[in-house]
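Structure at a glance
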Amino acid sequence: MNKIEKIDFILHDDEYETIIFRFRPRQSSCHSHDRKPPTCWEEVYKVYYSYSIFIKYKYDGHSKTLFNCDCDECSVIDEVAARCLYLANGQTSVDVPHPHTGEMRTIELLNNEIHPIGYGVSWKIEFRYDVYWITMFNWNGTGYRFCPNKKQLKEFGEYLEECCEYMLAHGDPI
């Protein structure tokens, strides 16, 4: 099954420039544990996502890459999506069971880094001066920060969720 080339999200747009988060499904993969493509997230062994952020200048049509990740190994954008949606709904923490003991624990959604298991991108969401600050750093230290308001935060969370669901629907066997 052929994957689409890109899924774009506008981070910023004004009369001078547009800043775009571009997810690249053709360069991304979502692998199962075995020889059949995954049909649910429990069947996913590993993901490798590819995306970038670039600015497009309206006065001359040129563009410049601001952040590039060719291979976000074990990407945590699903967790970032969930946190964006929780925060947009007014939650700042969530109670979840510990994976081994089942004991309930509280995860603070703001001011802590979300790290991938592999060579991927680490994310952090903070709230300052009435806006959210989303900071991302790839494994070699290149970073990017953007500041969505509450409405944009919800839209960005939905967008990341859409990217993950698209990749699951177009998953590959190992």
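I will try to describe carefully the structure that is included in this document. (Residues numbered from 1 in each chain as written. Predicted model: local features only at pLDDT ≥ 70, side-chain atom pairs only at ≥ 80, totals over all residues. Heavy atoms only, no water.)

A closer look at the packing of helix α1 (residues 77-88) against helix α2 (residues 150-169)
Contact pair α1 / α2: the axes reach a minimum separation of 8 Å and the direction vectors enclose 150 degrees. Pair α1 / α2 crosses with left-handed handedness. Along the contact surface, α1 presents Ile77, Asp78, Val80, Ala81, Cys84, Leu85, Leu87 and Ala88, while α2 presents Lys150, Leu153, Lys154, Phe156, Gly157, Glu158, Leu160, Glu161 and Cys164. A breakdown of the residues in the contact of α1 with α2 according to their chemical character gives 11 nonpolar, one polar and five charged. (Axes fitted to C-alpha atoms, helices over the stretch in contact; angles between N-to-C directions. Helix = DSSP H or I, 4+ residues; strand = E, 2+ residues; numbered from the N terminus. Left-handed = near helix turned anticlockwise from the far one by under 90°. Contact = heavy atoms within 4.5 Å. Nonpolar A, V, L, I, M, F, W, Y, C, P; charged D, E, K, R; others polar.)

Concerning the packing of aromatic side chains
For the structure shown, the criterion picks out 14 aromatic pairs. Ring geometry for Phe21 against Tyr51: centres 5.2 Å apart, planes inclined by 20 degrees, an arrangement best described as stacked. Remark: Tyr51 occurs in strand β4 (residues 44-57) and Phe21 occurs in strand β2 (residues 17-23); sequence separation between them is 30 residues. Here the aromatic residues Phe9, Phe21, Tyr51, Trp123, Tyr144, Phe146, Phe156 and Tyr159 are joined through ring pairs into a cluster of three or more. (Phe/Tyr/Trp six-rings, centres within 6.5 Å; stacked < 30°, edge-to-face > 60°.)

Side note on the pattern of salt bridges
If you walk through the whole model with that rule in mind, you get nine salt bridges. Ionic pairing is found between Arg24 and Asp70, a salt bridge with its closest N-O pair at 3.5 Å. Taken together, the positions of Arg24 in the loop between β2 and β3 (29-32) and Asp70 in strand β5 (residues 63-73) put the pair 46 residues apart, joining distant regions of the chain. Of the residues examined, Arg24 reaches a relative accessible area of 13% and is grouped as buried. Judged by relative accessible area, which is 54%, Asp70 ranks as exposed. The closest approach of N and O atoms between Glu126 and Arg128, which form a salt bridge, is 3.0 Å. A relative accessible area of 11% places Glu126 in the buried class. (Salt bridge = Lys/Arg side-chain N within 4 Å of Asp/Glu carboxyl O. Buried < 20%, exposed > 50% of the residue type's maximum accessible area, 1.4 Å probe, protein only.)

Considering the environment of His115
Structurally, the position occupied by His115 is in the loop between β8 (113-114) and β9 (122-128). For the pair His115 and Phe137, spaced 22 residues apart in sequence, the C-alpha to C-alpha distance is 9.8 Å. With sequence-adjacent residues up to four places away left out, His115 is seen in contact with Val76 and Ser122. A polar side-chain atom of His115 sits 3.3 Å from a polar atom in the side chain of Glu113. (Polar contact = N/O pair within 3.5 Å; in protein donor to acceptor, adjacent residues only side chain to side chain.)

Notes on the pairing of strand β11 (residues 143-146)
What you see with β11 is a clean split: Tyr144 and Phe146 sit on the buried side and Gly143 and Arg145 on the side with no burial. Pairing analysis gives four bridges linking strand β10 (residues 131-137) to β11, with the strands arranged antiparallel. Bridge pairing in β11 places Thr135 opposite Arg145. Between the antiparallel neighbours β10 and β11 lie five residues, among them Gly141 with a positive phi of about 95 degrees. (Pairing = 2+ DSSP bridges.)

Comments concerning the sheet that holds β10
Judged by pairing direction, the sheet is antiparallel, and its four strands sit side by side in the order β8-β9-β10-β11 without closing on themselves. Whereas interior strands pair on both sides, the edge strands pair on one side only; in this sheet they are β8 and β11. Packed onto the sheet, α1 meets β8, β9 and β10 and runs at close to 15 degrees relative to β9. Packing of α2 onto the sheet brings it into contact with β9, β10 and β11, and relative to β10 it is tilted by some 40 degrees.

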